Amino acid sequence: MKTKIDFLPLIDTVVENGFAICDDFISSDYLAKLRQIIDNHYLEGEFKEAEIGDRFNQTKVKSIRKDKILWLSRGLNTDLDQFYSEIDRLISVLNRYCFLSINDCEFHFAVYPPGAFYKRHIDQFKSNDGRLLTVILYLNEFWEENNGGELMIYPESGPIKVLPQPGRLVLFKSDELPHEVLKTNKSRYSITGWLKHKHTPL
Ligand SMILES: O=C(O)CCC(=O)C(=O)O
Ligand SMILES: [Fe+2]
């Protein structure tokens, strides 16, 4: 990781606008390490077609999304430790500063092969699995405008196009912000995940 990002201004922006974008969240060296992990698992055929709906209601719908994903576990690779330690720090700042009770998170790697997209949607499932905040970290080399694959977000103030630039982090409220990934012309790599509140019985 680079010198530690100050999460407070980012969180303020999410509270105010529903989303925030942070460039250079990771160094180019660390990005290369994460890409190496993706490439290895992708070549091994471990990425699966992404699905829609929660774990009890999943259907593969190729007309809605065409990315391939691999769910992460903390133990998958020691090179993920740095990423998870920054996520843990973000969670603790959010809980302290916004009085939230985030106590769980889930992440997957995503590869959008050329031609892939993800139509407009909101991340929180109808069944509500407790997703509070969406976190996306892009793991591409420099992204040209004509590569396509932009993230379009649709806040009330009007649509915004976000290019998946190397090391760019995007945060938004999972239950509020409609968004989509436009068709990409080039393979597009990311880590996407959700900070969650999981209810535990007393
Ligand atoms: O990769 C992106 O820019 C967004 C991905 C997304 O919307 C999702 O996985 O729910
Ligand atoms: Fe999404």
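With an unreviewed UniProt entry as reference, the protein is termed 2OG-Fe(II) oxygenase, source organism Mangrovivirga halotolerans. For the protein, the Cofactor (unreviewed entry) comment in UniProt is given as "L-ascorbate".

1. What about the overall build of the protein?
Counting its regular elements, the protein contains 3 helices and 11 strands. Counting from the amino terminus, helix and strand elements in the protein follow one another as α-β-α-β-β-α-β-β-β-β-β-β-β-β. Relative to a compact globule of 202 residues, whose C-alpha radius of gyration would be 17 Å, the protein shows 16 Å and is just as compact. In terms of its C-alpha atoms, the protein occupies a principal-axis envelope of roughly 45 × 35 × 35 Å. For the protein, the residues scored as buried account for 49% of the 202 residues in total. If you take every contact in the protein between residues at least 6 apart in sequence, the share linking residues at least 24 apart comes to 77%. With the model as given, the accessible surface of the protein reaches about 10,500 Å², and the carbon-plus-sulfur share is 52%. Between the centroid of the 26 positive side chains of the protein and the centroid of its 29 negative side chains there is a distance of 4 Å.

2. What to know about the pattern of salt bridges
Under the criterion given, the structure shown has 11 salt bridges. Taking the shortest distance from any N to any O, the salt bridge between arginine 131 and glutamate 106 comes out at 3.1 Å. Of the two residues, arginine 131 is situated in strand β6 (residues 131-138) and glutamate 106 in strand β4 (residues 104-112); the sequence distance between them amounts to 25 residues. Here the two residues arginine 131 and glutamate 106 agree in accessibility, since each one is buried. We note a salt bridge from glutamate 106 to lysine 196, for which the minimum N-O separation is 3.5 Å. A residue pair is termed long-range when its members are at least 10 positions apart, and glutamate 106 in strand β4 and lysine 196 in strand β11 (residues 188-196) qualify at 90 residues. According to the relative accessible area criterion, lysine 196 is buried, its value standing at 10%. Among the charged side chains, a network of salt bridges with common partners joins Arg35, Asp39 and Glu141.

3. What about the side chain of threonine 192?
Mapped onto the secondary structure, threonine 192 falls in strand β11. Judged by relative accessible area, threonine 192 falls into the buried class, the value being 12%. Those residues in contact with threonine 192 that sit more than four places away from it in its chain are Glu106, Phe107, His108, Val135 and Ile136.

4. Thoughts on the sheet that holds strand β3 (residues 68-71)
Read across the open sheet, the 7 strands follow the order β1-β9-β6-β11-β4-β3-β2; overall the sheet is antiparallel. Whereas interior strands pair on both sides, the edge strands pair on one side only; in this sheet they are β1 (19-22) and β2 (48-49). Alignment of β2 against β3, held across 2 bridges, turns out to be antiparallel. In the strand pairing of β3, lysine 48 is matched with isoleucine 69. Contacts from helix α1 (residues 7-17) reach β1, β6 and β9 (169-173) within the one sheet, and its direction differs from that of β1 by about 150°.

5. Thoughts on the sheet that holds strand β5 (residues 118-121)
Sheet architecture is open: 4 strands sit in the order β5-β10-β7-β8, paired in antiparallel fashion. Two strands lie at the open edges of the sheet, namely β5 and β8 (160-162), each paired on one side alone. In this sheet, adjacent strand axes meet at a mean angle of 15° when their direction is disregarded. Bridge count for strand β7 (residues 151-153) against strand β10 (residues 179-181) is 3 bridges, and the pairing is antiparallel. Across the sheet, leucine 151 pairs through a bridge with valine 181, a residue of β10.

Reading the values: the criteria
- Residues numbered from 1 in each chain as written.
- Chains lettered and ligands numbered in written order.
- Predicted model: local features only at pLDDT ≥ 70, side-chain atom pairs only at ≥ 80, totals over all residues.
- Heavy atoms only, no water.
- UniProt positions renumbered as here; feature names shortened; annotations may be inferred.
- Helix = DSSP H or I, 4+ residues; strand = E, 2+ residues; numbered from the N terminus.
- Rg over C-alpha atoms; globule rule 2.2 N^0.38 Å.
- Buried < 20%, exposed > 50% of the residue type's maximum accessible area, 1.4 Å probe, protein only.
- Contact = heavy atoms within 4.5 Å.
- Areas by Shrake-Rupley, 256 points an atom, 1.4 Å probe, with all protein chains shown as cover.
- Lys, Arg positive; Asp, Glu negative; His and termini not counted.
- Charge placed at Lys NZ, Arg CZ, Asp CG, Glu CD.
- Salt bridge = Lys/Arg side-chain N within 4 Å of Asp/Glu carboxyl O.
- Pairing = 2+ DSSP bridges.
- Axes fitted to C-alpha atoms, helices over the stretch in contact; angles between N-to-C directions.

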